[in-house]
Amino acid sequence: MPLKVIEKRDVEPLVRHLMERFQVVGIKKKDGKNTYGVIESPAELRLDSCATITSPKKYFFPQRETLLQFAVDGSWEPQAVVEAQPRIIFGMRPCDIAATWMLDMAFSEVNPDANYLEKRKRALIIGVDCKEPCDEYCFCKSMGTLEVETGYDLFFTAADDTYIVRTGTPEGEALLEEWGKAREALYEDRVKLRAVQREKDERFKEALEFDVEELPRFLEDSYRSLLWDVLGEKCLSCGSCNLVCPTCYCFNVLDEVKLNLSEGERYRVWDSCQLEGFAKVATGENFRERRGDRVRHRFFRKGKYMKEMFGRFGCVGCGRCTRACLVHINPIEVYNQLKGGE
Amino acid sequence: MDARLLPTVDLDTIFRPRLAQLLNVEEMTAKEKLFTFQFKDGTPLGQDPGQFVEVSAFGIGEAPISVSSSPTRGDTFELCVRAVGNVTNALHRMAPGATVGIRGPFGRGFPVEEMRGRNVLFVAGGLGLVPLRSLIHAVLDMRQDFGAVTILYGTKNPSELLFRNELAQWEARDDVDYQVTVDVADESWRGNVGVITTLFRGLPVDPRNTVAVIVGPPVMYRFVIREVLGKGLPMGRILVSLERRMKCGVGKCGHCQINGVYVCQKGPVFTYAELRNLQEAI
Ligand SMILES: Cc1cc2nc3c(=O)[nH]c(=O)nc-3n(C[C@H](O)[C@H](O)[C@H](O)COP(=O)(O)OP(=O)(O)OC[C@H]3O[C@@H](n4cnc5c(N)ncnc54)[C@H](O)[C@@H]3O)c2cc1C
Ligand code: SF4
Ligand code: SF4
Ligand code: FES
């Protein structure tokens, strides 16, 4: 795929141009905090800030989403509802791109989920490289998500007054083609890109004390560890970690009847495996009643189960769960505690 | 134009139920009713014994319910439902003519083909008879394809016995060994008293050619699996059907997970061999 170059001062006109055809979503400041939101004016977009509280998964998998409309008495065929619109996510970080890949797998395999996939298909992802770690909580380098090779349509890396742009898909290439102001990269640009990448890599430190490929085995060996009891005693079962995690996709399904009492809709909402009733059945049996069992389930999903299902870790090292956790349960510390005695 | 710019389309999705009409309701016990349904478009459900459906009471919600009838018996299908909560109580309030939504059939049912030619030992505890009945019917409808058939059934007390007419028929058949027990008897009860494992004493089981199919409440598995292992059965020929919380039935919502396994996809039917290393299973 071709390498292109865009002048930094041309980014605002590019955003303005894209806003004519797409809803443009990016990181902006809201109430003093960085957050992914709809860009209302090009100057709002902040390509160089990081550490958003929530992840961009909400644009493909909203916190609440209608699935179905029905007649309460079943007098007409229930209608499937899929809401989707053309959208560009401009400035997605590598960790979130890796997380999106994970959600793509989860929602497309075996029983394709049109509610997710139609939103995803209509979205273009323009990634942007990080310059330095967000804070002491992110550990993308250890999870192998500091660099992403795929999962974006375009990927911007800042170098001096320019962005060097990798094209990941024909759609991404066509977008620049149609805009017309990106130039082909020269040899110097390639050299510059490599230098920037090298400097970036040096600024990020390994957080794990072992090769992450060992993680599934360490988890397996620790299934009965007292560590889960200790974490269970700390954890408040608030579920914040699941809400902010870019790869969590469990949900609940509920019905709501309209005021006319004859029609209604079925919708899904984000759910959390840390909540007490998550695995409870109607007869009262709760298959993960102990808090420590639920904490263990979360870490096993991230570090083992999803890896077994999809080939990559369910944790991309973004650090959001640590930032959101009132009792400072931090996956870096948890993973390092699992390390064997060698 | 870029396919991504197409406007929103109406799609068939994994969440859209088909409409089915309630044809008949039969009261089984104080808490359980048997419902007979037919799809409004007349198509059969096409289930394998042991599969389940997601039933919608529109406006209330959806619940996973085992199909209790066998595909060998006509275009209607039967669900036996215990009233425990929102959806199940809404179903209990319905009368013939009412409409529900059905998604499915879902999950992996019993491996009927692999069971052919073998002796079958059915063990049902309480509501476990409901999914097991679809397989019992299928086996009895193809009786000559199977070896010895044994049915062990246990409930807490006599008033909880389901499908009484059928129990009497099984009892009367020469080609079925049917035994029943209750945990606690009442004045009218003349049969066995004791938990279901008491029926295993002296029970003849040929470990070389028997499949055990066990469905019941979670506590029952631990004890009954021990009994059939004690009879020498290999773990791959011990079948169970597991209940978990299920919200979607299609491998997405995460509620049904046992460790890394989605019960709605890989189950609800499992061999014990598949479960022995899943710590959250039994
Ligand atoms: C594969 C499968 C097959 C099944 N087959 C059958 C069958 O053939 N027949 C049958 O009768 N049942 C069957 N069940 C069980 C059936 O699905 C449940 O009884 C049903 O889902 C209950 O739904 P409800 O809306 O009536 O109850 P709900 O209203 O959802 O809940 C009932 C009870 O559970 C509690 N509860 C609900 N949600 C929570 C929560 N989040 N946290 C804590 N407590 C909660 C409530 O307090 C309430 O007491 C099957 C289940 C599975 C998974
Ligand atoms: S588990 Fe925590 S660090 Fe890992 S991806 Fe989820 S929010 Fe980020
Ligand atoms: S955010 Fe922290 S306290 Fe809340 S459920 Fe997650 S680990 Fe437990
Ligand atoms: S019921 Fe939703 S994943 Fe199995």
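Along each chain, the written sequence defines residue order, and numbers are assigned to residues from 1. Numbering of ligands from 1 and lettering of chains from A proceed in the order in which they are written. This being a predicted model, a pLDDT of at least 70 is required before a residue's local features are given, and a value of 80 or more before pairs of side-chain atoms are given or counted; all residues contribute to the totals for chains, interfaces and linings. With hydrogens and water excluded, all non-hydrogen atoms of the structure serve as input to the side-chain values.

## A closer look at the domain arrangement of chain B
Residue and element names in this part refer to chain B.
For step 1, the next point in the chain: Boundaries between domains were set according to an automatic or database domain assignment. By domain assignment, chain B separates into domain 1 (18–106) and domain 2 (112–275).
For step 2, the next point in the chain: The straight-line distance from the C-alpha centre of domain 1 to that of domain 2 is 21 Å.
For step 3, the next point in the chain: Contact definition: two residues touch when any of their heavy atoms are within 4.5 Å. Domain 1 puts 23 residues into the contact, and the matching count from domain 2 is 23 residues.
For step 4, the next point in the chain: Buried area counts how much accessible surface, traced with a 1.4 Å probe, disappears from two parts once they are put together, with both parts' losses summed. Taken together, the two surfaces of domain 1 and domain 2 that pack against each other cover about 2000 Å², and 57% of this comes from carbon and sulfur.
For step 5, the next point in the chain: Taken as a group, P49, S68 and R73 account for 23% of the area that domain 1 buries against domain 2, more than any other trio of residues on that side.
For step 6, the next point in the chain: Between R133 and E78 there is a salt bridge; the shortest N-O distance is 2.8 Å.
For step 7, the next point in the chain: In protein, a polar contact means a hydrogen-donor-capable atom and an acceptor-capable atom, both N or O and within 3.5 Å, with residues adjacent in sequence counting only if both atoms are side-chain atoms; elsewhere, any N or O pair within 3.5 Å suffices. Between domain 1 and domain 2 we count seven residue pairs in polar contact (both at pLDDT 80 or more) in total.
For step 8, the next point in the chain: For the side of domain 1 that touches domain 2, the secondary structure elements donating two or more residues are strand 2 (32–39), strand 3 (52–57), strand 4 (61–66), strand 5 (77–82) and strand 6 (99–106).
For step 9, the next point in the chain: Gly falls in the polar group here, along with every residue not listed as nonpolar (Ala, Val, Leu, Ile, Met, Phe, Trp, Tyr, Cys, Pro) or charged (Asp, Glu, Lys, Arg). Classifying every residue of the side of domain 1 that touches domain 2 gives eight nonpolar, seven polar and eight charged. Salt bridge criterion: a side-chain nitrogen from Lys or Arg within 4 Å of a carboxyl oxygen from Asp or Glu. A run of H or I in DSSP becomes a helix once it reaches four residues, and a run of E becomes a strand once it reaches two; helices and strands are each numbered from the N terminus.

## Re the packing of aromatic side chains
For step 1, the next point in the chain: Pairing of aromatic rings covers Phe, Tyr and Trp, the last through its six-membered ring, and needs centres within 6.5 Å; plane angles under 30 degrees mean stacked, over 60 mean edge-to-face, and all others mean tilted. Per the stated rule, a full pass over the model turns up 23 aromatic pairs over all chains.
For step 2, the next point in the chain: Where F60 of chain A meets Y116 of chain A, the ring centres are 5.9 Å apart and the plane angle is 70 degrees; that geometry is what we call edge-to-face. Of this pair, F60 of chain A sits in the loop between strand 3 (33–38) and strand 4 (64–71) while Y116 of chain A sits in helix 3 (residues 114–121), placing them 56 residues apart in sequence. The same class applies to F60 of chain A as to Y116 of chain A, namely buried.
For step 3, the next point in the chain: Consider the rings of F35 of chain B and F37 of chain B, whose centres lie 6.2 Å apart with planes at 20 degrees: the pair is stacked. Each of the two residues, F35 of chain B as well as F37 of chain B, counts as buried.
For step 4, the next point in the chain: For a lysine, the NZ atom is tested; for an arginine, the CZ atom; a charge sits over a ring if that atom is within 6 Å of the ring centre and within 35 degrees of the ring normal. One cation-aromatic arrangement involves K8 of chain A over Y163 of chain A; the distance from NZ or CZ to the ring centre is 5.5 Å.
For step 5, the next point in the chain: Over the ring of Y249 of chain A we find R301 of chain A; its NZ or CZ atom is 5.2 Å from the centre of that ring. Only protein chains enter the accessibility calculation, which uses a 1.4 Å probe; a residue is then buried when its area is under 20% of its type maximum, exposed when over 50%, and partly exposed in between.

## A closer look at the pairing of strand 7 (residues 119–125) of chain B
Residues and elements named next belong to chain B.
For step 1, the next point in the chain: The buried count for strand 7 comes to seven of seven residues, which makes it a mostly enclosed element.
For step 2, the next point in the chain: Covered by surrounding structure in strand 7 are N119, L121, V123 and G125 together with V120, F122 and A124, the residues of both alternating faces.
For step 3, the next point in the chain: Taken together, the six bridges between strand 7 and strand 11 (residues 210–215) define a ladder with parallel strand orientation. Pairing of L121 across the sheet is with A212, part of strand 11.
For step 4, the next point in the chain: The pairing criterion is simple: DSSP has to find at least two bridges between the two strands. Examined bridge by bridge, strand 7 and strand 8 (residues 149–155) share six bridges and lie parallel to one another.

## What to know about helix 10 (residues 291–310) of chain A
Residue and element names in this part refer to chain A.
For step 1, the next point in the chain: Counted at 1.5 Å a residue, the expected span for helix 10 with its 20 residues is 28 Å, and the 27 Å between its end C-alpha atoms agrees.
For step 2, the next point in the chain: The largest bend in helix 10 comes to about 55 degrees, at R301.
For step 3, the next point in the chain: Burial analysis of helix 10 places 17 of its 20 residues in the buried class, the great majority of the element.
For step 4, the next point in the chain: Looking one or two residues beyond helix 10, the residue adopting positive phi is G311, at roughly 90 degrees. To estimate how far a helix should extend, the number of its residues minus one is multiplied by 1.5 Å. We define the bend at each residue as the angle formed by axes fitted to the 7 residues ending at it and the 7 residues starting at it.

## Considerations on the sheet that holds strand 10 (residues 192–193) of chain B
All names here are of chain B.
For step 1, the next point in the chain: If you trace the seven strands from one edge of the open sheet to the other, you get 10-9-8-7-11-12-15, paired in mixed fashion. Both outer strands of the open sheet, strand 10 and strand 15 (269–271), are each paired with one neighbouring strand and no more.
For step 2, the next point in the chain: Bridge count between strand 9 (residues 177–182) and strand 10: two bridges; the pairing is parallel. In the strand pairing of strand 10, V182 is matched with V193.

## Details of the site of ligand 2
For step 1, the next point in the chain: Proximity criterion: a residue is near a molecule or strand once any of its heavy atoms comes within 4 Å of it. Around ligand 2, the neighbouring residues are F139, C245, P246, K302, C315, V316, G317, C318, G319, R320 and C321 of chain A.
For step 2, the next point in the chain: Across the shell around ligand 2, the residue classes tally to seven nonpolar, two polar and two charged.

## Let's talk about the domain arrangement of chain A
Residues and elements named next belong to chain A.
For step 1, the next point in the chain: For chain A, the assigned domains are domain 1 (3–203) and domain 2 (212–339).
For step 2, the next point in the chain: One C-alpha centre belongs to domain 1, the other to domain 2; they are set 25 Å apart.
For step 3, the next point in the chain: Domain 1 puts 47 residues into the contact, and the matching count from domain 2 is 42 residues.
For step 4, the next point in the chain: Interface area, domain 1 with domain 2, both sides summed: about 3800 Å², of which 62% is carbon and sulfur.
For step 5, the next point in the chain: Run the count over domain 1 and domain 2 and you get six salt bridges.

## A few points about the nonpolar core
For step 1, the next point in the chain: Side-chain atoms within 4.5 Å link the members of a nonpolar core, which is a set of buried Ala, Val, Leu, Ile, Met, Phe, Trp, Tyr and Cys residues. Grouped together as the largest cluster of nonpolar side chains are 111 residues, with contacts concentrated most on F122, V213 and I214 of chain B.
For step 2, the next point in the chain: Not counting residues within four places of it along the chain, the set of residues in contact with V213 of chain B comprises F110, M115, V120, L121, F122, V123, L132, L135 and L239 of chain B.
For step 3, the next point in the chain: Counting 25 residues, the second-largest nonpolar core is a separate cluster that includes L215, C325, V334 and L338 of chain A.

## Thoughts on the sheet that holds strand 6 of chain B
Residues and elements named next belong to chain B.
For step 1, the next point in the chain: Read from one edge to the other, the open sheet built from six strands follows the order 4-3-6-1-2-5, with strand pairing classed as antiparallel. The two strands at the open ends of the sheet, each matched to only one other strand, are strand 4 and strand 5. Strand-to-strand twist of the sheet, defined as the mean angle between neighbouring strand axes without regard to direction, takes the value 40 degrees.
For step 2, the next point in the chain: Across four bridges, strand 1 (residues 18–27) lies against strand 6 in antiparallel orientation. Under this scheme, a helix contributes an axis fitted over its contacting stretch, all axes are lines through C-alpha atoms, and angles between N-to-C directions fall in the 0 to 180 degree range.

## Overview of unusual backbone geometry
For step 1, the next point in the chain: Note that the residue after G104 of chain B, namely P105 of chain B, is joined by a cis bond; omega there is 10 degrees.
For step 2, the next point in the chain: With respect to the helices and strands, P105 of chain B occurs in strand 6.
For step 3, the next point in the chain: Cis geometry marks the peptide bond from G267 of chain B to P268 of chain B; its omega dihedral reads 10 degrees.
For step 4, the next point in the chain: Note on placement: P268 of chain B falls in the loop between helix 6 (263–266) and strand 15.
For step 5, the next point in the chain: In this structure, V110 of chain A takes a positive phi of about 60 degrees despite not being glycine.

## Side note on the pattern of salt bridges
Two side chains bearing opposite charge may form a pair once their charged atoms approach each other closely.
All names here are of chain A.
For step 1, the next point in the chain: In this structure the tally under the stated criterion is 45 salt bridges over all chains.
For step 2, the next point in the chain: With a shortest N-O distance of 2.8 Å, R268 and D113 are connected by a salt bridge. With R268 in strand 12 (residues 263–270) and D113 in the loop between helix 2 (94–108) and helix 3, this pair connects stretches of sequence that are 155 residues apart. Each member of the pair R268 and D113 is classed as buried.
For step 3, the next point in the chain: Between D293 and R296 there is a salt bridge whose closest N-O contact spans 3.2 Å. One end of the pair is D293 and the other is R296, both in helix 10 and three residues apart, which spans about a single turn.
For step 4, the next point in the chain: For R296, a relative accessible area of 11% corresponds to the buried category.
For step 5, the next point in the chain: Connected through salt bridges with shared partners, the residues E65, D113, K119 and R268 form a single ionic network.

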